[in-house]
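# An overview of the molecular structure
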Amino acid sequence: MSTIKDVARAAGVSVSTVSNIINNKSSVNIEIYNRVMQVMKELNYRPNILAMNLRKNHMNFIGVVIHELSGYSIKLMEGVLIRLDQLGYQSIVKYVRDDSLEVMDTINQMLGTGVKGIVLCTPHLDEENLRGLNTAGAPILMLGYCLDLPGVLTVGFDNTALVRDLTRL
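Residues numbered from 1 in each chain as written. Predicted model: local features only at pLDDT ≥ 70, side-chain atom pairs only at ≥ 80, totals over all residues. Heavy atoms only, no water.

### Let's talk about the side chain of Ser2
You can see Ser2 is positioned in the segment before helix H1 (4-11). Taking the relative accessible area as the measure of exposure, Ser2 reaches 18% and is therefore buried. Of note is the side chain of Ser2, whose polar atom sits 2.9 Å from the backbone oxygen of Leu43. Look past the residues within four positions of Ser2 in its chain and what remains in contact with it is Leu43 and Tyr45. (Helix = DSSP H or I, 4+ residues; strand = E, 2+ residues; numbered from the N terminus. Buried < 20%, exposed > 50% of the residue type's maximum accessible area, 1.4 Å probe, protein only. Polar contact = N/O pair within 3.5 Å; in protein donor to acceptor, adjacent residues only side chain to side chain. Contact = heavy atoms within 4.5 Å.)

### Examining the confidence of the model for the chain
Do not read the fine detail of predicted coordinates wherever pLDDT is low. For the chain, per-residue confidence averages 77 on the pLDDT scale, and 70% of positions sit at 70 or higher. When mean pLDDT is taken per element in the chain, H1 scores highest with 93 and strand S5 (residues 153-155) scores lowest with 56. (pLDDT = per-residue confidence, 0-100.)

### A look at the pattern of salt bridges
A side chain with one charge may pair with a side chain of the opposite charge, provided their charged atoms come close. Counting across every chain of the model gives one salt bridge. Asp6 is the salt-bridge partner of Arg9, the closest N and O atoms lying 3.2 Å from each other. Pair noted here: Arg9 and Asp6 are both in helix H1, with a separation of three residues, about one helical turn. We classify Asp6 as partly exposed; its relative accessible area is 25%. (Salt bridge = Lys/Arg side-chain N within 4 Å of Asp/Glu carboxyl O.)

### Observations regarding unusual backbone geometry
Phi is positive for Asn44, which is not a glycine, with a value near 55°. Topologically, Asn44 is positioned in the loop between helix H3 (30-42) and helix H4 (49-56).

### Quick notes on H1
Taken together, the buried positions of H1 are occupied by Val7, Ala8 and Ala11. Here the buried residues of H1 occupy an arc of 95° about the axis, which is enough to place them on one side. Among the exposed residues of H1, those pointing more than 90 degrees away from its buried face are Lys5 and Arg9. Check the buried side of H1 and you find it contacts helix H2 (15-22) and H3. A positive phi of about 75° marks Gly12, the residue just after H1. (Arc of directions from axis to C-beta.)

### Remarks on the environment of Leu43
Along the polypeptide, Leu43 turns up in the loop between H3 and H4. Each C-alpha atom of the pair Leu43 and Asp6 lies 8.3 Å from the other, and the pair is 37 residues apart in sequence.

### Describing the nonpolar core
The biggest cluster of nonpolar side chains holds 13 residues, and the ones touching the most others in it are Val65, Ile107, Ile118, Leu120 and Leu125. When residues of this core are traced back to their parent elements, those giving at least two are strand S1 (61-66), helix H6 (100-112), strand S3 (117-121) and strand S4 (140-143). For this core, the element with the highest residue contribution is H6, accounting for four residues. Residue contacts for Ile118: discarding those within four places in its chain leaves Gly63, Val65, Ile107, Met110, Leu111, Pro139, Ile140 and Leu141. Ala11, Ile22, Met40 and Tyr45 belong to the second largest nonpolar core, which has 11 residues in total. (Core = buried A, V, L, I, M, F, W, Y, C linked by side-chain atoms within 4.5 Å.)

### Quick look at the packing of H1 against H2
Look at H1 against H2: their axes get within 8 Å of each other, and the N-to-C directions meet at 110°. Relative to H2, the element H1 is oriented roughly perpendicular. Contact with H1, carried on its side by Ile4, Lys5, Val7 and Ala8, involves Val15, Val18, Ser19 and Ile22 of H2 and no other residues of that element. Here the residues of the contact of H1 with H2 are counted per class, giving six nonpolar, one polar and one charged. (Axes fitted to C-alpha atoms, helices over the stretch in contact; angles between N-to-C directions. Parallel < 35°, antiparallel > 145°, perpendicular 65-115°, else oblique. Nonpolar A, V, L, I, M, F, W, Y, C, P; charged D, E, K, R; others polar.)

### A short note on H2
The complete set of buried residues in H2 reads Val18, Ile21 and Ile22. The arc that holds every buried residue of H2, seen down its axis, measures 100°, which confines them to one face. One or two residues past the end of H2 sits Asn24, with phi positive at roughly 50°.

Given below as structure tokens:
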């Protein structure tokens, strides 16, 4: 596996120039930029995002917990993952079964990895567990399943009119 030093050597530039190009830190002559990008492609070099985040002491991960992989939840997750990618976050997605203990274990594991936040798309949490999440150290967003608790961020969907229209058919 190629390293940043291999890329710099093959491109005839310094390691800091390659680093600046990878991190979009400074303007670089277009010829040098193109040469470095070509060498990265030829050497099949991919920056190690985890190492970059550790070095910066900046984890750019968001945890996503989902309990269902069908129906609207797939579209919901697709939208969440696309938006997180647009914002420059890396997603850690975990599927959980119908068990609030498993959900809490998953959340605690994610918090232990230093995620910046967690998106929950599961109804398998009770008020007691949610109250404990208020002090988790990272923002937690409940998506689609809402309990009205202070400090718990939620995004809900009122589909009452849709259900009413569908049941009239």
